[in-house]
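# Fold and geometry: a report
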Amino acid sequence: MSDVLCWEDHPLRSESPFRSTALAGLIAVSAVATAVGFGHWIYGAFSLVVLLLSVSRYLFPTYYKLDGAGVASRHLGLGRSRRWDEFYRVDECADGLFLSPFERPRRLDTFRGIFLRFHQNREEVVYFVRRYVQNR
């Protein structure tokens, strides 16, 4: 096992084409309905931007890097990094690991924690994270 683990997750590429097409269609129909409903294309464009940003983790890649210092992720040019000693809890899910700075689940978990989505590397990620974070 190396001291650095890097990977990219891009669900749009790994999901079925039907699912991706259905999502794109739903976003387009919603934006058009907003434009028609409010009577101006600006509202439709605003709706389109908001919807695209809300599903950006699906549409655009996220890059992860784990090393001896901590965790780093980058999505849409925005980076986020945390040290290992800031995490107190690891929750394993079907598609990733959630690292939380709280010992017990709290409402702030979503805002303070980091979700590491697996990309055909489940065992490597779990092993790497468990080396540095133990549920306390």
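Refer to the structure above for everything that follows.
Described in the following lines is the structure provided in the data block. (Residues numbered from 1 in each chain as written. Predicted model: local features only at pLDDT ≥ 70, side-chain atom pairs only at ≥ 80, totals over all residues. Heavy atoms only, no water.)

Quick look at helix 2 (residues 17–38) now. Taking 1.5 Å per residue as the helical rise, helix 2 with its 22 residues ought to reach 32 Å, and the 32 Å between its terminal C-alpha atoms agrees with that figure. Those residues of helix 2 lying buried are Ser20, Leu23, Ile27, Ala31 and Ala35. Taken end-on, helix 2 shows its buried residues confined to a sector of 100°, consistent with a single buried face. The exposed residues of helix 2 that point more than 90 degrees off its buried face are Phe18, Thr21, Leu26, Val29, Val32, Val36 and Gly37. Here the buried face of helix 2 lies against helix 1 (11–14), helix 3 (41–54) and helix 4 (56–59). After helix 2 finishes, the residue Gly39 shows a positive phi value of roughly 80°. (Helix = DSSP H or I, 4+ residues; strand = E, 2+ residues; numbered from the N terminus. Expected span 1.5 Å × (residues − 1). Buried < 20%, exposed > 50% of the residue type's maximum accessible area, 1.4 Å probe, protein only. Arc of directions from axis to C-beta. Contact = heavy atoms within 4.5 Å.)

Here we come to the sheet that holds strand 1 (residues 4–9). What the 4 strands build is an open sheet, ordered 1-2-3-4; its pairing is antiparallel. Two strands in the sheet have a free side with no partner beyond their single neighbour: strand 1 and strand 4 (78–83). Each neighbouring strand pair of the sheet contributes to a mean axis angle of 10°, computed without reference to strand direction. Where strand 2 (residues 62–67) lies against strand 3 (residues 70–75), 5 bridges are found, and the strand directions are antiparallel. Bridge pairing in strand 3 places Lys65 opposite Ala72. (Pairing = 2+ DSSP bridges. Axes fitted to C-alpha atoms, helices over the stretch in contact; angles between N-to-C directions.)

The next point concerns the nonpolar core. The nonpolar side chains of a soluble globular protein tend to be buried, and buried together. In this structure, Leu66, Val71, Trp84, Leu99, Leu116, Val125 and Val129 are the most contacted members of the largest nonpolar core, which totals 18 residues. If you list the elements that add at least two residues to this core, you get strand 1, strand 2, strand 6 (96–100), strand 7 (114–117) and helix 6 (122–132). Looking at this core, the element that brings in the most residues is helix 6, giving 4 residues. Discounting residues that sit within four places of it in the chain, Val71 has contacts with Lys65, Leu66, Arg80, Ser81, Arg82, Trp84, Phe87, Leu99, Ile114 and Leu116. (Core = buried A, V, L, I, M, F, W, Y, C linked by side-chain atoms within 4.5 Å.)

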